Amino acid sequence: MNDDEFDLMDELYFVQSYSYLQESLGWEDSLLLATLHGLYSQGYIKCLDDPDTERFEEVDIQNEGRTLFFLATKKGLMAHNTL
């Protein structure tokens, strides 16, 4: 897990919207979307359509990420806490 992934995981202990993450971290879209994609591809985060509706099918973070919510998975929390 790189530094950007670690910092983003700090924000995902609770469900967070894309806009919240962008505001909180102050990152440009390209960095935030790439980092979300990296964490998602490792199984460290899950995507939600709204705070209560998880997406179970494959998600295209680059195209849909700005409209989604995100939450760390158990695997992601374990990886984050062991660093």
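Refer to the structure printed above.
The rules behind the values
Residues numbered from 1 in each chain as written. Predicted model: local features only at pLDDT ≥ 70, side-chain atom pairs only at ≥ 80, totals over all residues. Heavy atoms only, no water. Buried < 20%, exposed > 50% of the residue type's maximum accessible area, 1.4 Å probe, protein only. Helix = DSSP H or I, 4+ residues; strand = E, 2+ residues; numbered from the N terminus. Arc of directions from axis to C-beta. Contact = heavy atoms within 4.5 Å. Pairing = 2+ DSSP bridges. Salt bridge = Lys/Arg side-chain N within 4 Å of Asp/Glu carboxyl O. Core = buried A, V, L, I, M, F, W, Y, C linked by side-chain atoms within 4.5 Å. Polar contact = N/O pair within 3.5 Å; in protein donor to acceptor, adjacent residues only side chain to side chain.

Here's the deal with helix α5 (residues 74–81)
Among the residues of α5, G76, A79 and H80 are the ones counted as buried. Here the buried residues of α5 occupy an arc of 100° about the axis, which is enough to place them on one side. Facing away from the buried surface of α5 by more than 90 degrees, the exposed residues are K74, M78 and N81. Summarising the contacts, the buried residues of α5 are in contact with α1 (3–10).

Remarks on the sheet that holds strand β2 (residues 45–50)
Taking strand neighbours across the sheet as the criterion, the four strands line up as β1-β4-β2-β3 in an open arrangement whose pairing is antiparallel. Taken across any chain shown, the strands that pair with only one partner, and hence form the sheet edges, are β1 (16–17) and β3 (53–54).

Observations regarding the pattern of salt bridges
Within the structure shown, the criterion is met by five salt bridges. Here R66 makes a salt bridge to D29, at a shortest N to O gap of 3.4 Å. Of this pair, R66 sits in the loop between α4 (61–64) and β4 (69–72) while D29 is found in helix α3 (residues 29–41), placing the two residues 37 residues apart along the sequence. Given a relative accessible area of 45%, R66 falls into the partly exposed group. Judged by relative accessible area, D29 falls into the partly exposed class, the value being 27%. In this structure, D49 engages R55 in a salt bridge whose closest nitrogen and oxygen atoms are separated by 3.0 Å. Look at R55 and you get buried, because its relative accessible area is 14%. Through salt bridges that share partners, D49, R55, E57 and E64 make up one connected network.

Let's talk about the nonpolar core
The biggest cluster of nonpolar side chains holds 21 residues, and the ones touching the most others in it are L8, L32, L36, I45, I61 and F70. For this core, the secondary-structure elements that each account for two or more residues are α1, α2 (18–25), α3, β2 and β4. At five residues, the largest contribution of residues to this core is made by α3.

Considering the side chain of R55
For R55, the location among the structural elements is in the loop between β3 and α4. A polar atom in the side chain of R55 sits 3.0 Å from the side chain of D49. A distance of 2.6 Å separates a polar atom in the side chain of R55 from a polar atom in the side chain of E57.

Looking at the pairing of β4
Along a regular strand, successive side chains alternate from one face of the sheet to the other. Of the strand pairs in this sheet, β1 and β4 are connected by two bridges, and their pairing is antiparallel. The residue of β4 that forms the bridge with Q16 is F70. In this structure, β2 lies alongside β4, joined through four bridges in antiparallel fashion. Looking across to β4, one finds that K46 is bridged to L71.

The quantities given are spatial measurements derived from coordinates; they are silent on function.
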